[in-house]
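Structure at a glance
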Amino acid sequence: MKAIGFIGFSNSGKTTLIEKLIPIFRARGLAVAAIKNAHHGFDMDRPGKDSYRYREAGAGQVLIATGQRWALLTETPAAPAPLAHLLDLLAPCDLVIVEGFKSEGDIPRIEVRRASTREPPIFPHNANVVAVASDRPVATPLPLLDLNDAAKIAAFIVNHLQLP
């Protein structure tokens, strides 16, 4: 499996870009998976549902299955799961798109920046950043990709990762 990460500050457009890239990769016949690092707690379970009640009762893992999908909820109160472990949990695929995990794991990353971004760039301090995607000019020695051109960003990724 090959992986590419997207990093940037909140509201920079990472999710929107990834949402545009996935269908492009799928149209190429690639099997794609995604991992999203959520900084805020989330719960895809609902109070009162059986699976929620199992977790509340102390189950460390709860697997929920339907005829169309399944999800494995794993409690990690001692420490967050490292990116490498999460990648190992995925079914085999051609490409994993990772959102977040700015400094974890040794995967190539694309920094996403918008004109409205006021924070300093990440790429000068992160050797894993291989390109910058932005809606404005950015002074960088790295390839600068047009944030609004998902097809060209996909082509860069295919070339960089040597995907079929």
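As a reminder, the structure under discussion sits directly above these lines.
A few points on the structure. All residue numbers here refer to positions counted from 1 along the written sequence of the relevant chain. With the structure being a predicted model, the display of local features is reserved for residues of pLDDT at least 70 and the display and counting of side-chain atom pairs for 80 or more, all residues being used for whole-chain, interface and lining totals. Excluded from the side-chain calculation are hydrogens and water; included are all heavy atoms of the structure.

**Here's the deal with the packing of aromatic side chains**
Aromatic pairing here means that ring centres of Phe, Tyr or Trp (its six-membered ring) are within 6.5 Å. Orientation follows from the plane angle: under 30 degrees is stacked, over 60 is edge-to-face, and everything else is tilted. Counted under the stated rule, the structure contains zero aromatic pairs. By definition here, charges over rings are those cases where NZ of Lys or CZ of Arg is within 6 Å of the ring centre and within 35 degrees of the ring normal. Over the face of the ring belonging to Phe9 we find Lys102, whose NZ or CZ atom lies 4.7 Å from the ring centre.

**Some details on the pairing of strand S1 (residues 2–7)**
Summary of the burial criterion: residues with accessible area below 20% of their type's maximum are buried, those above 50% are exposed, and those between are partly exposed, where the area comes from a 1.4 Å probe applied to protein chains only. Strands are runs of DSSP state E lasting at least two residues, helices are runs of H or I lasting at least four, and both sets are numbered from the N terminus onward. Across the six residues of S1, five count as buried, placing the element largely inside the fold. In terms of strand pairing, S1 meets strand S5 (residues 95–99) through five bridges, oriented parallel. Considered in S5, the bridge of Lys2 is made with Leu95. Looking at chain direction, S1 and strand S6 (residues 109–113) are connected through three bridges and run parallel. Residue pairing in the sheet places Ile7 in a bridge with Glu111 of S6. When DSSP finds at least two bridges between two strands, those strands are taken to pair.

**A short note on the nonpolar core**
Throughout, nonpolar core names a set of buried Ala, Val, Leu, Ile, Met, Phe, Trp, Tyr and Cys residues whose side chains join them through atoms within 4.5 Å. Residues Phe6, Leu17, Leu21, Phe25, Ile110 and Ile157 are the most contacted members of the largest nonpolar core, which totals 24 residues. Ranked by the residues each element gives to this core, the list is headed by helix H4 (residues 150–161), at seven residues. Any pair of residues with heavy atoms lying within 4.5 Å of one another is described as a contacting pair. Aside from chain neighbours lying at most four places away, what touches Leu21 is Phe6, Ala150, Ile153, Ala154 and Ile157. By size, the runner-up hydrophobic cluster in this structure holds 10 residues, among which are Ala3, Leu87, Val96 and Val98.

**Topic: the sheet that holds S1**
Read across the open sheet, the six strands follow the order S2-S5-S1-S6-S7-S8; overall the sheet is parallel. Whereas interior strands pair on both sides, the edge strands pair on one side only; in this sheet they are strand S2 (32–36) and strand S8 (144–146). Going from strand to strand, the sheet's axes swing by 25° on average, the running direction of each strand aside. As paired elements, S2 and S5 share five bridges and run parallel to each other. Residue pairing for S5: Ala34 is matched across the bridge by Ile97. Packed onto the sheet, helix H1 (residues 14–27) meets S1, S2, S5, S6 and strand S7 (129–134) and runs at close to 175° relative to S5. Sitting on the sheet, H4 touches S1, S5, S6, S7 and S8, and the angle it makes with S1 is about 135°. Axis definition: a line fit to C-alpha positions, over the contact stretch in the case of helices; interaxial angles, taken between N-to-C directions, run 0 to 180 degrees.

**Regarding a nonpolar patch on the surface**
Patches in this entry comprise residues that are over 30% relatively accessible and not in a salt bridge; like charges within 9 Å are linked, as are nonpolar side chains (Val, Leu, Ile, Met, Phe, Trp, Tyr) within 5 Å. To measure how exposed things are, a 1.4 Å probe is used in the Shrake-Rupley method; for residues, cover is taken only from the protein chains shown. Think of a salt bridge as a Lys or Arg side-chain nitrogen and an Asp or Glu carboxyl oxygen that are within 4 Å of each other. A surface patch of nonpolar side chains, about 350 Å² in accessible area, is lined by Leu63, Trp70 and Leu72. Here Leu72 shows up in strand S4 (residues 70–74).

**Considering the pattern of salt bridges**
Within the structure shown, the criterion is met by five salt bridges. For Arg53, the salt bridge identified is with Asp50, shortest N-O distance 3.8 Å. Remark: Asp50 and Arg53 occur in helix H2 (residues 50–57); sequence separation between them is three residues, near one turn of the helix. Residue Arg53 is classed as exposed on the basis of its relative accessible area, which comes to 53%. With relative accessibility at 45%, the residue Asp50 sits in the partly exposed group. Here Asp135 ties to Arg114 by a salt bridge, and the two come within 3.4 Å at their closest N and O atoms. Of the two residues, Asp135 is situated in the loop between S7 and S8 and Arg114 in the loop between S6 and S7; the sequence distance between them amounts to 21 residues. When its relative accessible area of 32% is taken as the criterion, Asp135 is described as partly exposed. Taking relative accessible area as the criterion, Arg114 reaches 23% and is therefore assigned partly exposed.

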